[in-house]
Amino acid sequence: MDIPKFLLADNTDHPSSVFIVHTEFPRFIINLENDEVEWFEEFSKEDEEDLANETETLIEAATAFYDREVSRYED
């Protein structure tokens, strides 16, 4: 199965939230309502510094994915 890098998700238990799932390492879900991130990976102290540098880029990519998807619905 070919799984996309990002998936758009919602849940009726959280009606005002929109979630983006990042399926590649490091895997995470971001709630665009409040920018809360839940990581699926365990990180060592050494990894945390690299992760901090990469997190901003990953969140920007997730947000760009969401904007692209929403624009396609509007067309």
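You'll find the structure just up there.
A few points on the structure. Here the structure is a predicted model, which means the values were calculated and not measured. The numbers attached to residues start from 1 for each chain and follow its sequence in the written order. Predicted model: local features are reported for residues with pLDDT of at least 70 only, side-chain atom pairs are reported and counted for 80 or more only, and whole-chain, interface and lining totals are derived from all residues. Where side-chain values are given, they derive from all heavy atoms of the structure, hydrogens and water being excluded.

Some points on the overall build of the chain
Okay, step 1: Secondary structure follows DSSP: runs of H or I at least 4 residues long count as helices, runs of E at least 2 residues long count as strands, and numbering of each begins at the N terminus. When helices and strands are tallied, the chain shows one helix and four strands.
Okay, step 2: Mapped in sequence order, the helices and strands of the chain form the string β-β-β-β-α.
Okay, step 3: Here the C-alpha coordinates of the chain stretch approximately 45 × 25 × 25 Å along the principal axes.
Okay, step 4: Only protein chains enter the accessibility calculation, which uses a 1.4 Å probe; a residue is then buried when its area is under 20% of its type maximum, exposed when over 50%, and partly exposed in between. Burial statistics for the chain: of 75 residues in total, 23% are counted as buried.
Okay, step 5: Residue contacts are counted whenever heavy atoms from the two residues lie within 4.5 Å of one another. The contacts of the chain with a sequence gap of at least 6 include a subset with a gap of at least 24, amounting to 27%.
Okay, step 6: About 5700 Å² of surface is accessible on the chain, with carbon and sulfur atoms providing 47% of the total.
Okay, step 7: Asp and Glu count as negative and Lys and Arg as positive, but His and the ends of the chain are not part of the count. To locate a charge, take NZ of a lysine, CZ of an arginine, CG of an aspartate or CD of a glutamate. Looking at charge distribution, the chain has the averaged site of its 5 positive side-chain charges lying 6 Å from that of its 22 negative ones. Per-residue and other accessible areas follow the Shrake-Rupley method at a 1.4 Å probe size, with only the shown protein chains counted as cover for residues.

Looking at the side chain of Ser 17
Okay, step 1: Following the sequence through the fold, Ser 17 ends up in the loop between β1 (6–9) and β2 (19–22).
Okay, step 2: Relative accessible area serves as the criterion here: at 6%, Ser 17 is assigned to the buried category.
Okay, step 3: The definition of a polar contact used here is a pair of N or O atoms within 3.5 Å, where within protein one atom must be able to donate a hydrogen and the other to accept one, and adjacent residues in sequence count solely through side-chain atom pairs. At 3.2 Å, the side chain of Ser 17 forms a polar contact with the side chain of Asn 31.
Okay, step 4: Within the structure, Ser 17 has its side chain in polar contact with the side chain of Glu 33 (distance 2.9 Å).
Okay, step 5: Among residues more than four places away in sequence, those in contact with Ser 17 are Asp 10, Asn 31 and Glu 33.

A look at the sheet that holds strand β4 (residues 36–39)
Okay, step 1: With respect to topology, four strands assemble into an open sheet ordered β1-β2-β3-β4, the strand pairing being antiparallel. Lying at the two open borders of the sheet, with one neighbouring strand each, are β1 and β4. For this sheet, the mean angle separating the axes of adjacent strands, direction not counted, is 20°.
Okay, step 2: What counts as an axis is a line fitted to C-alpha atoms, over the stretch in contact for a helix, and the angles between N-to-C directions run from 0 to 180 degrees. Helix α1 (residues 45–74) rests against β1, β2, β3 (28–31) and β4 of the sheet, and its axis sits at about 60° to β1. For two strands to pair, DSSP has to find at least two bridges joining them.

A few points about the packing of aromatic side chains
Okay, step 1: Ring geometry is summarised as follows: Phe, Tyr and Trp rings, the Trp one being its six-membered ring, pair when their centres sit within 6.5 Å, and such pairs are stacked at plane angles under 30 degrees, edge-to-face over 60 and tilted between the two. If you walk through the whole model with that rule in mind, you get four aromatic pairs.
Okay, step 2: Ring geometry for Trp 39 versus Phe 43: centroids 5.7 Å apart, planes at 90°, classification edge-to-face.
Okay, step 3: Under the relative-accessibility criterion, Trp 39 is labelled partly exposed at 25%.
Okay, step 4: In this structure Phe 43 comes out as partly exposed when scored by relative accessible area, which is 21%.
Okay, step 5: Pairwise contacts between aromatic rings join Phe 25, Phe 28, Trp 39 and Phe 43 into one cluster.

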